[in-house]
Amino acid sequence: MQGTLDEVRPVSPALEAYTKGVLLNGLWKRTELSVRDRSLVTVAALIARIQTIEMPFHFALALDNGVKPAELSETITHLAFYSGWANAMSAVSVAKDVFHKRGVKQEQLPPAKDKTLPLNQEAEDKRAVSVAANLAATTPGLVQNTTDLLFLDLWLRPALAPRDRSLVTVSALIAAGQSAQIPYHLDRAMENGLTAVEAGEIVTHVAFYAGWPNAFSAAAVVKDVLEKRPK
Amino acid sequence: MQGTLDEVRPVSPALEAYTKGVLLNGLWKRTELSVRDRSLVTVAALIARIQTIEMPFHFALALDNGVKPAELSETITHLAFYSGWANAMSAVSVAKDVFHKRGVKQEQLPPAKDKTLPLNQEAEDKRAVSVAANLAATTPGLVQNTTDLLFLDLWLRPALAPRDRSLVTVSALIAAGQSAQIPYHLDRAMENGLTAVEAGEIVTHVAFYAGWPNAFSAAAVVKDVLEKRPK
Amino acid sequence: MQGTLDEVRPVSPALEAYTKGVLLNGLWKRTELSVRDRSLVTVAALIARIQTIEMPFHFALALDNGVKPAELSETITHLAFYSGWANAMSAVSVAKDVFHKRGVKQEQLPPAKDKTLPLNQEAEDKRAVSVAANLAATTPGLVQNTTDLLFLDLWLRPALAPRDRSLVTVSALIAAGQSAQIPYHLDRAMENGLTAVEAGEIVTHVAFYAGWPNAFSAAAVVKDVLEKRPK
């Protein structure tokens, strides 16, 4: 960001001040989310929106904040499916330099084929039946791939804890304005251990990186989901 | 993609494996859409989202898969209106190199002013009356331009068959998450010859390039449109 | 654009002709919005969508069309909050070169901390109470930041007139497809002096820069807002 901040001054002293103040010394100091989680949320938002200009700073910061190289790698892999292949490829082109500078070795990265986390068969059956009932007749390929590639494969990879996988998924959804897909994934996130305070704070954090309008649209959905959950 | 794939390995061996496996040897081998159509769908998705990093590979692949230079040119022109002028300009900056390398000549490109395809006057009258009734009082410029520039001009250009013009339009809408505009254009696509199987498969294909959330939001709309159509 | 137009010809003579004709000699000549306002609308749309390829041309054109450097600077600052921090940073990286070429001096830019415009306390109380009632329980950080950073700070900065701040906000919302957030900001824009004709023409203008589908989704919302307002 320093390089970027030096560029900001000759364009907007106010934006420089807001960046140092309300963003870096304000938002990032709030305790409702750990800095490590804030980094994951930020990385997800940047990838979801192909905001490449901030990726070098935030990928490096994520590693400084305790995100493991394997977790950053797996976040990119995960978002290939949730944000789009080219979004992930844009992240790859930045991450390869960050990893190279830090001397990240191939054996630190999650293997292509890994052992799998245990499946919650009951929840998965429920999900698969519900999706199939709605969509199998008209988009059978999507339904099949969703089961085979996402829920029986990607989500079971141990390189990113289910709670963190949910964290980056929800963050990407908010950042991309995909409100309709938030309820399922926020519920799943909370089953995976995300707290209500953290959920609210993700929205607050993403407001800065994806703009207030996306945050407000998401806030209304998050409120509905949280209020419907058993206390 | 080879250049890109070599970059992927030091960041995510898993993403490299998914790209070679489920994407290139999975999705692209499915027979519900021809590879030529898959290329048009992919190109439209990339332009709709300004995913420039994948454009060089996929523009070249589109030509290899049977998309004519004139059709790629016209797809970019079409998406200036449907995705935004700067989206088209981003595509131009990539396509000019691809065309140059292939020795594409000016006379292979659609002329600025071309003869026009026959107009379905009845359908156009119906569309124009419906849009005007809704929007002429508050956004008269938009209503007039929609008639003059889109439906009495762009859509009648012969450089892209109406069915293919619909294909790229629907793909761009799904990729950009513009669900509200899908029903009109999917109906039009099917009037123009797209099949229900192809419609469903566009959603499956775009899932990979624009992310699962956009595909799921679109799938619900596609289902509604397909179920309402006369069998 | 000239540089860009030379690149367009070898890819699409039609797009070159549309750019010179219906866009630059058509849309931009319509009198429903001043060229200075059209520049603000365009700049906001480009930043909202990170359409960097057109930024150098349109940032320079905005200055030619009477947008002051301080206003362009403040538009970027404003959109950090409304479009996302990285969107603003992408604009900064272009604007710094444009400002440098024009010899824009630091003292021409809005200061980081400025005197504030008078607050409409009644309207702000109403807004704050309504937002808090809905969202304070689940996203308290967002609610607090919205009050402190946006409505008691950013919106009161004199570097951009409230009417122009509304103009760029509404333009960014339309360009990003954020229909749900248009009603509040369009109402506010009209309280700040935007006319109904201008509101409709913003939609027409953004159609070209963010694509017809975003314009159509916005047009339906704009119609509702305009029809509900007292005549």
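Look above for the structure.
Structure report, in brief. (Residues numbered from 1 in each chain as written. Chains lettered and ligands numbered in written order. Predicted model: local features only at pLDDT ≥ 70, side-chain atom pairs only at ≥ 80, totals over all residues.)

Here we look at the interface of chain C and chain B
How big an interface is tends to be reported as the loss of accessible area on association of its parts. Between chain C and chain B, the residue contacts involve 40 residues of the former and 40 residues of the latter. Within the residue set of the side of chain C that touches chain B, elements represented by two or more residues are helix 1 (2-8), helix 2 (13-24), helix 11 (196-210) and helix 12 (212-228) of chain C. No other element matches the nine residues that helix 12 of chain C contributes to the side of chain C that touches chain B. For the side of chain C that touches chain B, a count of residues per class yields 24 nonpolar, eight polar and eight charged. (Contact = placed C-beta atoms within 7 Å. Helix = DSSP H or I, 4+ residues; strand = E, 2+ residues; numbered from the N terminus. Nonpolar A, V, L, I, M, F, W, Y, C, P; charged D, E, K, R; others polar.)

Examining the interface of chain A and chain C
Listed per partner, the contact involves 40 residues of chain A and 40 residues of chain C. Listed by contribution, the elements that provide at least two residues to the side of chain A that touches chain C are helix 1 (2-8), helix 2 (13-24), helix 11 (196-210) and helix 12 (212-228) of chain A. Per-element accounting of the side of chain A that touches chain C gives the leading share, nine residues, to helix 12 of chain A. Counted by class, the side of chain A that touches chain C contains 24 nonpolar, eight polar and eight charged residues.

Topic: the relation of the copies chain C and chain B
Each of the two chain copies can be generated from the other by rotation about an axis followed by a shift along it. Once turned by 120° and shifted 0.0 Å along the axis, chain C lies on chain B with an RMSD of 0.0 Å. What the rotation and shift describe, once combined, is the action of a three-fold rotation axis. (Least-squares fit on C-alpha atoms with pLDDT ≥ 70 in both.)

Some points on helix 2 of chain A
Between its first and last C-alpha atoms helix 2 of chain A spans 15 Å; for 12 residues at 1.5 Å apiece the expected length is 16 Å, and the two agree. Those residues of helix 2 of chain A that fall on the buried side of the exposure criterion are A14, L15, E16, Y18 and T19 of chain A. (Expected span 1.5 Å × (residues − 1). Buried ≥ 20, exposed ≤ 12 C-beta atoms within 10 Å, placed from the backbone.)

Points about the packing of helix 9 (residues 162-175) of chain C against helix 10 (residues 182-191) of chain C
Residue and element names in this part refer to chain C. Closest axis-to-axis distance for the helix 9/helix 10 pair is 9 Å, and the angle between their directions is 155°. With respect to their mutual orientation, helix 9 and helix 10 come out roughly antiparallel. The two elements helix 9 and helix 10 cross, and the hand of that crossing is left-handed. Here S166, L167, T169, V170, L173 and I174 of helix 9 come into contact with helix 10, specifically with I182, H185, L186, R188 and A189. Grouping the amino acids of the contact of helix 9 with helix 10 by side-chain chemistry returns seven nonpolar, three polar and one charged. (Axes fitted to C-alpha atoms, helices over the stretch in contact; angles between N-to-C directions. Parallel < 35°, antiparallel > 145°, perpendicular 65-115°, else oblique. Left-handed = near helix turned anticlockwise from the far one by under 90°.)

Some details on the packing of helix 3 (residues 35-48) of chain B against helix 9 (residues 162-175) of chain B
All names here are of chain B. Relative orientation of the contacting elements helix 3 and helix 9 amounts to 45°, with a least axis distance of 8 Å. Between helix 3 and helix 9, the interaxial angle falls into the category oblique. The hand of the helix 3/helix 9 crossing is right-handed. Along its contact with helix 3, which presents D37, L40, V41, A44, A45, I47 and A48, the element helix 9 presents D164, L167, V168, S171, A172 and A175.

Details of the environment of G66 of chain B
All names here are of chain B. Secondary-structure assignment places G66 in the loop between helix 4 (55-64) and helix 5 (69-82). The class for G66 is partly exposed, based on 13 C-beta atoms found within 10 Å. Linking G66 and V35, residues 31 residues apart in sequence, is a C-alpha distance of 8.4 Å.

Everything listed here is a matter of geometry and, on its own, says nothing about what the molecule does.
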